[in-house]
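Residue-level structural notes
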Amino acid sequence: MRFMGNGVLVSVVILVFLQLHGNVKCQRSTVVNVGALFTFDSVIGRVAKVAIEAAAADVNADPSILNGIKLNFIMQDTNCSVFMGAMSAFQLLERDVVAVIGPQSSSVAHMISFIANGLQVPLISFAATDATLSALQFPYFLRTTLSDSHQMATMADVIEYYDWHEVVAVFVDDDHGRNGISLLDSQLAKRTSKLSHKLALPYNANASVISELLDKSKAMGVRVYVVHVNPDSGLEIFSIAKQLQMMASDYVWLATDWLSANLDSSPTVDPNLLHSLQGVVGLRQHTPASSMKKAFYSRWRGLRKKGRVSCGLNAYGLYAYDTVWTVARGIDEFLKEHGNITFSFSKRLPNMNDSTVQLEKLKIFDSGRILVNKLLETNFTGLTGQVGFDSDRNLLNSSYEVINIDQGSIHGIGYWSRYSGLSVVPPETLTWDQQIRSRMDQKLNNATWPGGKTEKPRGWVIASNEKPLRVGVPNRVSFPDFVTEDQDTHEMKGYCIDVFNAALNLIPYEVPYKFQVFGDGRLNPDYDELVKMVADDVIDAAIGDITIITNRTTFADFTQPYAANGLVIVVPIKNMKSSAWVYLKPFTVEMWCVTAGFFLLIGVVIWILEHRINDDFRGSPRRQVITMLLFSLSTLFKTNQEDTVSTLGRMVMMVWLFLLMVITSSYTASLTSILTVQQLSSPITGIDSLITSNQPIGLPGGSFIHKYLTDSLNIYEGRLVSLEDTDEYARALQRGPDDGGVAAIVDELPYVEEFLAHHTDFGIAGHMFTKSGWGFAFKKGSPLAIDMSTAAILRLSENGDLQKINEKWFCRTGCLLRKGRRSEPNQLHLVSFWGLFLLCAIFTITCLLIFLFRMVRQYVQYKRKRRQLLAISSSDQTPHSTTGLSRVVYNFFDFIDEKEEAIKKMFKPSISPHPPPSDEIR
């Protein structure tokens, strides 16, 4: 409801706010007047009138309250009008009311609150939910129902629970509607959602206006509607939506508590009406179950049977009943402390005598502020549960029930409170710990949606057959395999088109689309301009070989990259296959030295391990040296004629042959690569040398590369030469900078690979110096961009289809082997093999130590045996003199040099008691 006659009414309010002085009227009687303002003939008013009358009768019949004083309720009809509400308020205030219950309209409440402030009369509303009716602005206003701040928080939590990100709001363009939707907007913003469109309905809008607004909203694509209107006219919106085919399965309809108030107050709910509301999810003010509430419902049914009530009982009726008791308890406490009720007459309006507005009859309630404080201190259990006020003068208990209309009946699917959030059990049954867990784990029972489906609707439609998705496609001149228009059929084809179609096939819903060609076919189009068209709503999406760069993401959303990308440099190349010393290049100097050292080590160790037992490793010193040096080398060529006999020797050979196999295989692969690699013939070896040179640089027309080179790399614009196709690429590189060509071309890797597949005289210099990717561009906030990334492109990559599409277009004559030059390409370093070398060295030295330990042990036994033989054969038994250290070492090496068989014969029992001559064994 809108303000009417604001100038006159504000003037009246200013006059009322004057510092009033005058006579005092003292009221001490058996009756206290209380006013009530609401619209009698309305969904809320019809219930409230009966509830207020029932509460008044209960209060006046209760001897425990007011001590015999009766409350006289004076009701005035506001007729859903701000003007009539203000006039009714003046009429009530002339009759010495100490409090006013109502009004039900937030717009009327705003105006009457100014009057109540001036006359210091408490205003207690059971139905004005507008959160802007604050205690700071209106200190005499109290709300005994739930504020829209809580209701919109509930609605935002429901929207977040179902993961909808855009919402259309339908509301009446008055204080109640505008302020409620503003609260919803701010609540959604906290939850990464947004109110994308607002459909403001004029007050008392007819069917044609509603139909026109709803029909226009169908083109927006958003399918989640929040309806926040008054209970008397809201059902017509759903009736019109059904006629417009907007109650289908892809729509979502959410309603604030006006819908439950309407349905609950209907004497008999029409099944056809409920069927037309199939799938609607709404809110209902939640009041805990209690015996008192159950008894009142029974009493209400009795009144209906007697014909005294023609409507059902809704939550606003319960709040109206408790409001009467709140006022009664406040007056009771006030009278106990202060006794008298006094009013002051005004003497400050002398110029109003000739006016029909008799403001001199208005009186100030002297103890109005005291009564307000008594009302705020009220704390009792009523039909709605515990009744009490917080610091903002709102009810302490703020909770809602989430309802769902299905199969002609209303079902509860959950609850909400500001402490527990969404839950499937009533919030009053939750402990504090359970409330915390509920806030962390939001839950609702399953709901049925329009069309009877139980699967949650997406909440948006990106396109339809009547309005297909407008997809912009670049008409490339160069590299037509990526994307181009067929000149005969005028159909779009190419690698990017196939990726887009494959991705759409994986989307779990149909997306009708049509291609719109961008470009004249003579020059490559400007890709920045193509993406800008998405932001300007000229097209809905842009596909093709569009590189994802920072400035483009500011006005469009991109999908996950479907192709890795980056800038590379193309230069002329020449073959460098001939070299007399090419066979030395696979290994570094360190690698060659360590390998040669191991050949020598293995030869020496094998000779030591085999010399005592293997005749192949015995003979003249010259023969043994040659055997030692050539044995390990012969294993390389598999020409060794000597066999290892000892167990330790064979173990060393096993490890050595494994190391040798790895080294020879790596050497062969590296040499093969070196002999086939192609070297660059350009002085430009990478991005650094390209920047420092002053030679011209080629680049594709219509690309972002021009801006990147000039802005980011500070390359002089005069050096840049725009080239349109691959033939121009080849000619410009072949001519070179001295003949009007270019020294190098900078382009994206996929284009370069395709170019080099057909031009073998060129190669890539250096490494890729930027990293990015190709993606599809959509409007900011488009959910299709998310689904294309998660449900489509990632799956294409995981199941291999993306690679198959790539092979279809670019591997028809064999995939390109990337060419280029690195410093010392394919050379093998010691760091790659040091682990194997270390393992072989440790194993070899361990075997050698085991052998030496055995030899020392045998030598000690030999010396002990020899002393025993000498003791037996010597008649004088004179001790044998010790020899020097050098002599012992010399004898030990002589011992090792002897064959194993000769040593073993000494330890046999049949050995002669006479020792061998000293020159045989020394």
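Residues numbered from 1 in each chain as written. Predicted model: local features only at pLDDT ≥ 70, side-chain atom pairs only at ≥ 80, totals over all residues. Heavy atoms only, no water.

**A closer look at the overall build of the protein chain**
Put simply, the rule is: Helix and strand labels come from DSSP, where a helix needs a run of H or I of at least four residues and a strand needs a run of E of at least two; each type is numbered from the N terminus. For each residue, the accessible area found with a 1.4 Å probe, counting protein chains only, is set against the maximum for its type, and the residue is called buried under 20%, exposed over 50%, and partly exposed in between. Any pair of residues with heavy atoms lying within 4.5 Å of one another is described as a contacting pair. What sets the accessible areas is the Shrake-Rupley method with a 1.4 Å probe; for residues, cover comes only from the shown protein chains.
Regarding its fold elements, the protein chain presents 29 helices and 34 strands. A buried classification covers 51% of the 922 residues belonging to the protein chain. Here the contacts in the protein chain between residues at least 6 apart in sequence split such that 74% fall between residues at least 24 apart. For the protein chain, the accessible surface area stands at approximately 43900 Å², while carbon and sulfur atoms represent 54% of it.

**Digging into unusual backbone geometry**
A cis amide bond, omega -5°, links Gly-102 with the succeeding residue Pro-103. Even without being a glycine, Thr-192 presents a positive backbone phi close to 55°. In this structure, Thr-192 sits in the loop between helix 6 (175-189) and strand 8 (194-201).

**Brief notes about the packing of aromatic side chains**
Spelled out, the test is: To pair, rings of Phe, Tyr and Trp, with the six-membered ring standing in for Trp, must have centres within 6.5 Å; the planes then decide the type, stacked if under 30 degrees apart, edge-to-face if over 60, and tilted in the middle. A ring has a charge above it when a Lys NZ or an Arg CZ is no more than 6 Å from the ring centre and no more than 35 degrees off the ring normal.
On inspection of all chains with the given rule, the structure shows 40 aromatic pairs. One residue, Arg-329, lies across the ring of Phe-380, its end atom 4.6 Å from the ring centre. The ring of Trp-460 carries the charged tip of Arg-458 above its face, separated from the ring centre by 5.1 Å.

**Brief notes about the pairing of strand 3 (residues 70-77)**
Spelled out, the test is: By definition, two strands form a pair when at least two bridges between them are found by DSSP. Handedness of a crossover is defined as follows: orient the strands so they point away from the viewer, and if the path from the first strand over the helix to the second runs clockwise, the crossover is right-handed.
The sheet contact formed by strand 2 (residues 31-38) and strand 3 spans 8 bridges and is parallel. Each bridged residue has a counterpart across the sheet, and for Leu-37 the counterpart in strand 3 is Gln-76. Taken together, strand 2, helix 2 (residues 43-61) and strand 3 form a β-α-β motif whose crossover is right-handed.

**Examining a nonpolar patch on the surface**
Rules: Patch membership requires more than 30% relative accessible area and the absence of a salt bridge. Residues of like charge join within 9 Å; the nonpolar side chains Val, Leu, Ile, Met, Phe, Trp and Tyr join within 5 Å. Basic side-chain nitrogens of Lys or Arg form a salt bridge, by our definition, when they fall within 4 Å of a carboxyl oxygen of Asp or Glu.
Taken together, the side chains of Leu-600, Val-604, Val-625, Ile-626, Leu-629, Leu-630 and Leu-633 make up a nonpolar region of the molecular surface, amounting to roughly 560 Å² of accessible area. Contributions of two or more residues to the nonpolar patch are made by helix 18 (589-610) and helix 19 (621-637). Counting residues per element, the nonpolar patch draws most heavily on helix 19, which supplies 5 residues. With respect to the helices and strands, the residue Leu-630 is situated in helix 19.

**Some details on the environment of Tyr-316**
Inclusion rule: Between N or O atoms, a polar contact is any pair within 3.5 Å; within protein, one atom must be a potential hydrogen donor and the other a potential acceptor, and residues adjacent in sequence are included only when both atoms are from side chains.
With respect to the helices and strands, the residue Tyr-316 is situated in helix 12 (residues 315-338). On the accessibility criterion, Tyr-316 (5% relative accessible area) is buried. Between the alpha carbons of Tyr-316 and Ile-44 there is a distance of 6.5 Å; along the sequence they are 272 residues apart. Among all residues touching Tyr-316, those that are not within four sequence positions of it are Ile-44, Phe-126, Ala-127, Thr-129, Thr-145, Asp-257, Ala-261 and Gln-285. There is a polar contact of 2.9 Å between the side chain of Tyr-316 and the side chain of Asp-257.

**Considerations on the packing of helix 7 (residues 207-217) against helix 8 (residues 235-243)**
The angle between the axes and the distance between the axes are what describe a pair of packed helices. Filter applied, for reference: Whenever a helix is involved, its axis is fitted only over the stretch in contact; in every case the axis is a line through C-alpha atoms, and angles between N-to-C directions fall within 0 to 180 degrees. An angle below 35 degrees is read as roughly parallel, one above 145 as roughly antiparallel, one from 65 to 115 as roughly perpendicular, and any other as oblique. What makes a crossing left-handed is the near helix being turned counterclockwise from the far one by less than a right angle; a clockwise turn instead makes it right-handed.
Axis separation between helix 7 and helix 8 bottoms out at 10 Å; the angle between their running directions is 55°. The angle between helix 7 and helix 8 places the two elements in the oblique class. Crossing of helix 7 against helix 8: the hand is right-handed. For the pair helix 7 and helix 8, contact is made by Ala-207, Ile-210, Ser-211 and Leu-214 and by Glu-236, Ile-237, Ile-240 and Ala-241, respectively.

**So, the sheet that holds strand 10 (residues 252-255)**
Across the sheet, which stays open at both edges, the 8 strands sit in the order 8-7-9-10-11-16-17-18 with mixed pairing between neighbours. Every interior strand has two partners, whereas the edge strands, strand 8 and strand 18 (421-423), have only one. Adjacent strand axes in the sheet meet at a mean angle of 25° when their direction is disregarded. In terms of strand pairing, strand 7 (residues 166-172) meets strand 9 (residues 224-228) through 4 bridges, oriented parallel. In the strand pairing of strand 9, Val-170 is matched with Val-227. In the packing of helix 5 (residues 148-161) onto the sheet, the strands contacted are strand 7, strand 9, strand 10, strand 11 (281-285), strand 16 (399-406), strand 17 (409-417) and strand 18, and the crossing angle to strand 9 comes to about 165°.

**Overview of helix 15 (residues 495-506)**
To keep things clear, this is the line we draw: Residue count minus one, scaled by 1.5 Å, sets the expected span of a helix.
If you check helix 15, its first and last C-alpha atoms are 17 Å apart, about what 12 residues at 1.5 Å a residue would give, namely 16 Å. When you tally the buried positions in helix 15, you get 10 out of 12 residues, the bulk of the element. Buried residues of helix 15: Tyr-495, Cys-496, Ile-497, Asp-498, Val-499, Phe-500, Ala-502, Ala-503, Leu-504 and Leu-506, and no others.

**Re the environment of Arg-470**
Secondary-structure assignment places Arg-470 in strand 19 (residues 469-474). Along the primary structure Arg-470 and Val-538 are separated by 68 residues, whereas in three dimensions their C-alpha atoms are 8.3 Å apart. With residues up to four places along the chain from it excluded, the contact list for Arg-470 reads Lys-514, Gln-516, Asp-537, Val-538, Ile-539, Asp-540, Ala-541 and Lys-779.

**Section: the sheet that holds strand 3**
Strand order in the open sheet made by the 5 strands is 3-2-4-5-6, with parallel pairing throughout. Strands with a single pairing partner mark the edges of an open sheet, and in this sheet they are strand 3 and strand 6 (141-143). Against the sheet, helix 2 engages strand 2, strand 3 and strand 4 (100-101), with an angle of about 165° to strand 3.

**Regarding the side chain of Ser-113**
Within the secondary structure layout, Ser-113 lies in helix 4 (residues 106-119). Leaving out residues up to four positions away in the same chain, Ser-113 has contacts with Leu-123, Leu-133, Phe-138 and Phe-141.

**Section: the nonpolar core**
The following threshold applies: In these notes, a set of buried Ala, Val, Leu, Ile, Met, Phe, Trp, Tyr and Cys residues joined through side-chain atoms within 4.5 Å is what counts as a nonpolar core.
Membership of the largest hydrophobic core comes to 113 residues, with the highest contact counts inside it found for Ile-52, Leu-71, Val-98, Ile-101, Phe-126, Leu-254 and Ile-331. Residues contacting Val-98, with those up to four places away along its chain left out, are Val-32, Asn-33, Val-34, Val-121, Pro-122, Ile-331, Ile-341, Phe-343, Phe-365 and Leu-371. Ala-732, Phe-755, Ile-764 and Phe-810 belong to the second largest nonpolar core, which has 66 residues in total.

**Side note on the pattern of salt bridges**
Summed over all chains, the structure comprises 29 salt bridges. We note a salt bridge from Asp-58 to Arg-299, for which the minimum N-O separation is 2.6 Å. Pair noted here: Asp-58 is in helix 2 and Arg-299 is in helix 11 (residues 291-305), with a separation of 241 residues, a long-range link. For Arg-299, a relative accessible area of 33% corresponds to the partly exposed category.

**Observations concerning the packing of helix 2 against helix 12**
Keep this limit in mind: Each residue receives one of three labels: charged for Asp, Glu, Lys and Arg, nonpolar for Ala, Val, Leu, Ile, Met, Phe, Trp, Tyr, Cys and Pro, and polar for the others, Gly being one of them.
The interhelical angle for the contact between helix 2 and helix 12, taken along N-to-C directions, is 35°, at an axis separation of 8 Å. Regarding helix 2 and helix 12, the two cross each other, and that crossing is right-handed. In this structure, helix 2 contributes Ile-44, Val-47, Ala-48, Ala-51, Ile-52, Ala-54, Ala-55, Ala-56, Asp-58 and Val-59 to the contact, and helix 12 contributes Tyr-316, Gly-317, Ala-320, Tyr-321, Val-324, Trp-325 and Ala-328. Tallied by class, the residues present in the contact of helix 2 with helix 12 amount to 15 nonpolar, 1 polar and 1 charged.

**Digging into helix 26 (residues 801-810)**
In plain terms, the rule: Think of it as the arc spanned by the lines of direction from the helix axis to the C-beta atoms.
Listed in full, the buried residues belonging to helix 26 are Leu-802, Ile-805, Trp-809 and Phe-810. Viewed along the axis of helix 26, the buried residues span an arc of 105°, placing them on a single side of the element. Structurally, helix 26 contributes buried residues whose contacts are with helix 15, helix 24 (749-756) and helix 25 (783-799).

**Thoughts on the side chain of Asp-486**
Here Asp-486 is to be found in the loop between strand 20 (484-485) and strand 21 (492-493). We classify Asp-486 as buried; its relative accessible area is 17%. Of note is the side chain of Asp-486, whose polar atom sits 2.8 Å from the backbone nitrogen of Asp-488. A distance of 3.5 Å separates a polar atom in the side chain of Asp-486 from a polar atom in the side chain of Lys-493. Beyond its immediate sequence surroundings of up to four residues, Asp-486 is in contact with Glu-491 and Lys-493.

**Digging into the confidence of the model for the protein chain**
Threshold: pLDDT measures the predictor's confidence residue by residue and takes values from 0 up to 100.
With 86% of its residues at a pLDDT of 70 or more, the protein chain has an overall mean of 83. When the criterion is pLDDT under 50, residues 813-824 qualifies, and its contacts beyond four places in sequence or with other chains add up to 21 contacts. Every residue in residues 910-922 scores below 50 in pLDDT, and together they form 14 contacts with partners more than four places removed in sequence or on other chains.

**Focus on the environment of Val-31**
Relative to the elements of secondary structure, Val-31 occurs in strand 2. For Val-31 and Leu-71, which are 40 residues apart along the polypeptide, the C-alpha to C-alpha distance reads 5.7 Å. Ignoring any residue separated from it by four or fewer positions in sequence, one finds Val-31 in contact with Ile-69, Lys-70 and Asn-72.

**So, the state of the cysteines**
Here is the rule we go by: By disulfide we mean two sulfur atoms from cysteines, separated by a distance within 2.5 Å.
All chains considered together, the criterion is met by 0 disulfides. A disulfide-free cysteine, Cys-847 has its sulfur positioned 9.8 Å from the sulfur of Cys-840, the nearest such atom. On the basis of relative accessible area, Cys-847 is assigned to the buried category, the value being 3%.

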